[in-house]
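Architecture and fold: a report
The residues making up each chain are set out below.
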Amino acid sequence: MSTETETFSFQAEISQLMSLIINTFYSNKEIFLRELISNSSDAIDKIRYQSLTDVSVLETEKDLFVRITPDRENGILSIRDTGIGMTKADLVNNLGTIAKSGTKGFMEALSSGADISMIGQFGVGFYSAYLVADKVQVITKHNDDEQYIWESSAGGSFTITRDETNPSIGRGTEMRLFMKEDQLEFLEEKKIKDIVKKHSEFISYPIQLVVEKETEKEVSDDEEEVVEGDKPKIEEIEDEDDKKEKKKKTIKEKTTENEELNKTKPLWTRNPEDIKTEEYSQFYKALTNDWEDHLAVKHFSVEGQLEFRAILFIPKRAPFDMFETKKKRNNIKLYVRRVFIMDDCEDLIPEWLNFVKGVVDSEDLPLNISRETLQQNKILKVIRKNLVKKCLEMFADIAEDKENFDKFYESFSKNLKLGIHEDTQNRAKLAELLRFPSTNSLTELTSLKDYVTRMPEKQKKIYYITGESRAAIENSPFLEGFKKKNIEVLLMTDPIDEYSTQQLKQYDDKDLVCITKEGVDMEEDEEEKAAREEEAKKFEGLCATVKEVLGEKVEKVVISTKLTDSPCVLTTGQFGWSANMERIMKAQALRDSSMSSYMASKKTFELNSNHAIIKSLASRVEADKNDRAVKDLTTLLYETSLLTSGFTLEEPHTFASRIHRMVSLGLDIDEDEVAVTEDASDVPSLETGVTSTMEEVD
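Residues numbered from 1 in each chain as written. Predicted model: local features only at pLDDT ≥ 70, side-chain atom pairs only at ≥ 80, totals over all residues. Heavy atoms only, no water.

**Side note on the overall build of the protein**
- On a plain count of helices and strands, the protein comes out with 24 helices and 23 strands.
- Put simply, the protein has 698 residues, and 48% of those count as buried.
- Intrachain contacts of the protein at a sequence separation of at least 6 include 72% that bridge at least 24 residues.
- Of the roughly 37,100 Å² that the protein leaves accessible, carbon and sulfur atoms contribute 46%. (Helix = DSSP H or I, 4+ residues; strand = E, 2+ residues; numbered from the N terminus. Buried < 20%, exposed > 50% of the residue type's maximum accessible area, 1.4 Å probe, protein only. Contact = heavy atoms within 4.5 Å. Areas by Shrake-Rupley, 256 points an atom, 1.4 Å probe, with all protein chains shown as cover.)

Here it is as structure tokens:
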């Protein structure tokens with residue numbers, strides 16, 4: 001008995017949509033499989049929900065699964081599910097005649113430059129099949145109806161026929177995609193596996209792929225022999241050994257089997273108490289392709305006004321390309337109800353946490369939400385806030401184990417400091433995690449909290465020094481006075497310290513003070529202050545002369561409170577760049593040189609009034625302030641201070657010439673014997689009288 005085929009016309013908007021999908025070029029056509037698997041999963045969800053009140057609905061097919069069968073010979077990809085299925089009325093309404101409210105919305109979004117991968121968000125994901133197929137057949141069986149075939153080649157109409165040709169599928173839907181000639185790659189086993197792993201790895205039901213396997217099978221010669229007609233057969237009598245040998249023969253046999261593609265179950269949906277450490281480790285390695293175990297993990301769920309689950313991991317070491325600008329912004333995979341959405345959502349986690357890896361699965365975000373709508377999404381902002389909060393909790397947990405925290409800090413201290421620079425809300429919490437070497441603790445790193453507990457009672461500020469390396473700052477002249485008074489100073493050598501300390505102005509109500517800048521009061525009492533002021537008066541003449549000699553190179557010349565062993569040092573203004581910051585900014589490849597003109601600090605030349613050189617220089621000035629040797633020595637002292645204070649010399653050759661002349665004088669070599677490369681007018685000459693000054697110092 002022939003079955004009647006009914007033909008229906010697509011609703012106008014659906015026709016337009018299909019035409020758009022078929023005739024426009026899209027590079028990421030692979031999303032069709034994600035959409036169809038997602039639809040299958042939804043159909044299984046529906047039958048499972050029905051079975052909660054009526055178990056009998058599952059009798060037609062007890063196993064719940066999605067099965068993908070590629071038929072390379074005929075160019076057909078089948079996707080079968082054991083979901084709720086569709087009645088004839090469902091087929092007519094859902095697949096063609098009644099436009100979903102999202103059809104028009106999706107076409108508008110496409111025309112304004114949105115991505116094809118948003119298709120599921122508008123409830124029209126089914127039509128993505130036409131990205132790769134010329135013709136689509138849908139064979140479906142609902143418990144309340146017969147088995148039907150829906151078929152369309154997208155020519156403006158579709159047909160529905162009662163299915164009497166295919167075997168009964170029990171319950172559910174099978175979609176057959178007759179692939180376009182240039183899309184046959186989607187029938188390849190590896191391609192299907194890759195797409196499922198990327199987009200649908202954590203669907204709640206098994207996704208099976210029908211794969212062909214070649215097996216070797218041993219058969220006897222008797223099975224292989226073909227007897228021709230009824231011809232008489234002459235038997236040869238052979239040894240038993242020959243018989244055994246003859247029977248051993250292997251043939252290759254092709255078999256098909258169902259391979260489950262999503263064996264890694266969504267770990268985040270389980271209770272953390274039931275999950276072993278090895279399971280987290282296995283999941284982390286599958287998620288990140290890391291060969292090492294993770295350092296720490298945080299598994300949590302948030303419920304209430306919005307609902308999401310997440311697992312966050314901290315790796316043991318930092319990736320080599322962590323701060324590369326072209327790198328993917330973060331490593332958090334965003335899922336919506338177990339369906340993968342994206343792994344580069346910039347708004348999900350701040351940049352300073354780009355080393356945290358993990359999974360976020362939201363119940364509230366719309367499926368296949370676009371990047372544009374994500375930016376305005378309030379749910380996402382709440383998720384972000386919670387993720388940052390949980391990361392900080394995780395860091396605090398790691399800090400309790402010194403060995404683990406040392407590993408963590410070595411790898412990710414830059415990220416924490418970047419967080420201090422960028423995240424005003426969590427700055428105080430991040431400050432608790434900072435660690436630095438100090439003058440009291442050169443081998444072990446110290447926290448700001450420990451520093452504060454060690455502070456003498458009269459000390460009201462936290463002192464630090466920044467520089468290029470430990471070797472450069474450990475013996476810096478700036479530290480001399482602090483060491484003498486036994487005041488601890490934090491040593492900062494990471495370039496990012498300069499940025500983070502500009503933002504972290506206080507800790508525990510105590511100001512952070514850079515000792516290379518002017519105005520550091522060294523915690524003086526009244527007596528010390530009065531003595532210093534009196535000393536400054538004695539050297540007013542020297543300070544004025546030195547300022548006159550150096551001119552615009554320095555803003556002012558003062559008597560130092562910091563120095564004990566060095567004759568002089570250069571400090572910078574309180575609000576400008578430090579010497580180290582100036583060095584960092586000069587090293588920027590794409591720097592704005594105009595910025596240097598107003599940010600480069602005015603220098604203050606600080607003199608140590610107790611040093612023999614300064615005392616001797618003061619005597620010379622008192623005797624004759626126009627003495628040529630005073631000018632020469634002042635310039636030389638200024639240039640050596642540039643080096644010891646962390647600045648760079650603007651004219652190294654002039655400085656070198658001065659040193660060479662001093663060496664010549666020390667060796668009693670006549671100036672005529674010295675090969676002078678520079679013009680004498682460029683280099684101030686050191687008079688013979690200088691020798692006596694140098695001897696006095698010695």
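**Concerning the pattern of salt bridges**
- Counted by the stated rule, this structure contains 28 salt bridges.
- For K417, the salt bridge goes to D494, with nearest N and O atoms at 3.7 Å. Here K417 is found in helix 11 (residues 402–422), whereas its partner D494 is found in the loop between strand 18 (489–492) and helix 16 (495–503), with 77 residues between them in sequence.
- Residue classification places K417 among the buried residues on the basis of a relative accessible area of 4%.
- One salt bridge in this structure joins K556 and E518, with 3.2 Å as the shortest N-O distance. On the criterion of sequence distance, the pair formed by K556 in strand 21 (residues 556–559) and E518 in the loop between strand 20 (510–514) and helix 17 (526–538) is long-range, its members being 38 residues apart.
- When salt bridges with common partners are traced through the structure, they connect K298, K390, E393 and D397 into a single cluster. (Salt bridge = Lys/Arg side-chain N within 4 Å of Asp/Glu carboxyl O.)

**Some remarks on a nonpolar patch on the surface**
- Side chains of I659, V663, L667 and I669 sit close together on the surface and give an oily, nonpolar patch of about 320 Å² of accessible area.
- Along the polypeptide, L667 turns up in the loop between helix 23 (652–666) and helix 24 (689–697).
- Classification of L667 by relative accessible area gives exposed; the value is 56%. (Patch = residues over 30% accessible without salt bridge, like charges linked within 9 Å, V, L, I, M, F, W, Y side chains within 5 Å.)

**Examining the confidence of the model for the protein**
- Averaged over the protein, the pLDDT score is 82; the fraction of residues at 70 or greater is 85%.
- Contacts from residues 676–683, a stretch scored under 50 in pLDDT, to residues over four places away or in other chains number eight contacts. (pLDDT = per-residue confidence, 0-100.)

**A word on the sheet that holds strand 10 (residues 296–302)**
- Pairing is mixed in the open sheet, where five strands are placed in the order 10-11-14-12-13. With partners counted over all chains shown, the strands left at the sheet margins are strand 10 and strand 13 (339–342), one partner each. Going across the sheet, the axis of each strand differs from the next one's by a mean of 20°, ignoring polarity.
- Inspection of the sheet shows strand 12 (residues 331–336) paired to strand 14 (residues 357–362) by six bridges, in the parallel sense. Its bridge partner being in strand 14, Y335 is matched across the sheet by D361.
- Its contacts with the sheet put helix 10 (residues 378–399) on strand 10, strand 11 (308–314) and strand 14, and the angle it makes with strand 11 is roughly 40°. (Pairing = 2+ DSSP bridges. Axes fitted to C-alpha atoms, helices over the stretch in contact; angles between N-to-C directions.)

**Some words on the packing of helix 18 (residues 540–550) against helix 22 (residues 628–644)**
- For the pair helix 18 and helix 22, interaxial distance at closest approach is 10 Å and the crossing angle is 80°. Compared by their axis directions, helix 18 and helix 22 come out roughly perpendicular. In this structure, helix 18 uses T545, V546, V549 and L550 to contact helix 22, whose residues at the interface are V630, K631, T634, T635 and Y638.
- Looking at the contact of helix 18 with helix 22 residue by residue, the classes come out as five nonpolar, three polar and one charged. (Parallel < 35°, antiparallel > 145°, perpendicular 65-115°, else oblique. Nonpolar A, V, L, I, M, F, W, Y, C, P; charged D, E, K, R; others polar.)

**Focus: the packing of aromatic side chains**
- Enumeration over the complete set of coordinates arrives at 21 aromatic pairs.
- Look at F355 and F412: their rings are 4.2 Å apart centre to centre, the planes differ by 15°, and that puts the pair in the stacked class. Residue F355 is found in the loop between strand 13 and strand 14, and its partner F412 is found in helix 11; the two are separated by 57 residues along the sequence. Side by side, F355 and F412 carry an identical accessibility label, which is buried.
- We note K135 situated over the ring of F178; from NZ or CZ to the ring centre the distance is 4.4 Å.
- Here K390 stacks its cationic end above the ring of F300, 5.2 Å away from the centre of that ring. (Phe/Tyr/Trp six-rings, centres within 6.5 Å; stacked < 30°, edge-to-face > 60°. Lys NZ or Arg CZ within 6 Å of the ring centre and 35° of its normal.)

**Some words on helix 11**
- Along its length, helix 11 shows its largest kink, about 70°, at F412.
- Along helix 11, the residues classified as buried are F405, F408, Y409, S411, F412, S413, N415, L416, K417, L418, G419 and I420.
- The inward-facing, buried residues of helix 11 contact strand 11, helix 10, helix 12 (427–431), strand 15 (435–438), strand 16 (441–447) and helix 16. (Bend = angle between axes of the 7 residues up to and from the residue.)

**What about the sheet that holds strand 22 (residues 568–572)?**
- What the three strands build is an open sheet, ordered 21-23-22; its pairing is mixed. Where the open sheet ends on each side, the last strands, each with one partner, are strand 21 and strand 22. Between one strand and the next, the sheet's axes are offset by a mean angle of 30°, whatever the strand orientation.
- Looking at chain direction, strand 21 and strand 23 (residues 603–607) are connected through four bridges and run parallel. Counterpart to V558 in the pairing with strand 23 is E606.
- Contacting strand 21 and strand 23, helix 18 runs over the sheet at an angle of about 150° to strand 21.

**Overview of the environment of V339**
- Summarising the element assignment, V339 is placed in strand 13.
- Classification of V339 by relative accessible area gives buried; the value is 5%.

**Let's talk about unusual backbone geometry**
- Even without being glycine, N486 reaches a positive phi, approximately 60°.
- Positive phi, close to 55°, is recorded for D668, a residue that is not glycine.
- By the element assignment, D668 lies in the loop between helix 23 and helix 24.

**Quick notes on the nonpolar core**
- By size, the foremost hydrophobic cluster in this structure holds 72 residues, and its most contacted members are I314, F395 and F408.
- A per-element tally of this core places helix 10 first, with nine residues.
- Residue contacts for I314: discarding those within four places in its chain leaves H294, L295, A296, F355, M394, F395, I398, F408 and F412. (Core = buried A, V, L, I, M, F, W, Y, C linked by side-chain atoms within 4.5 Å.)

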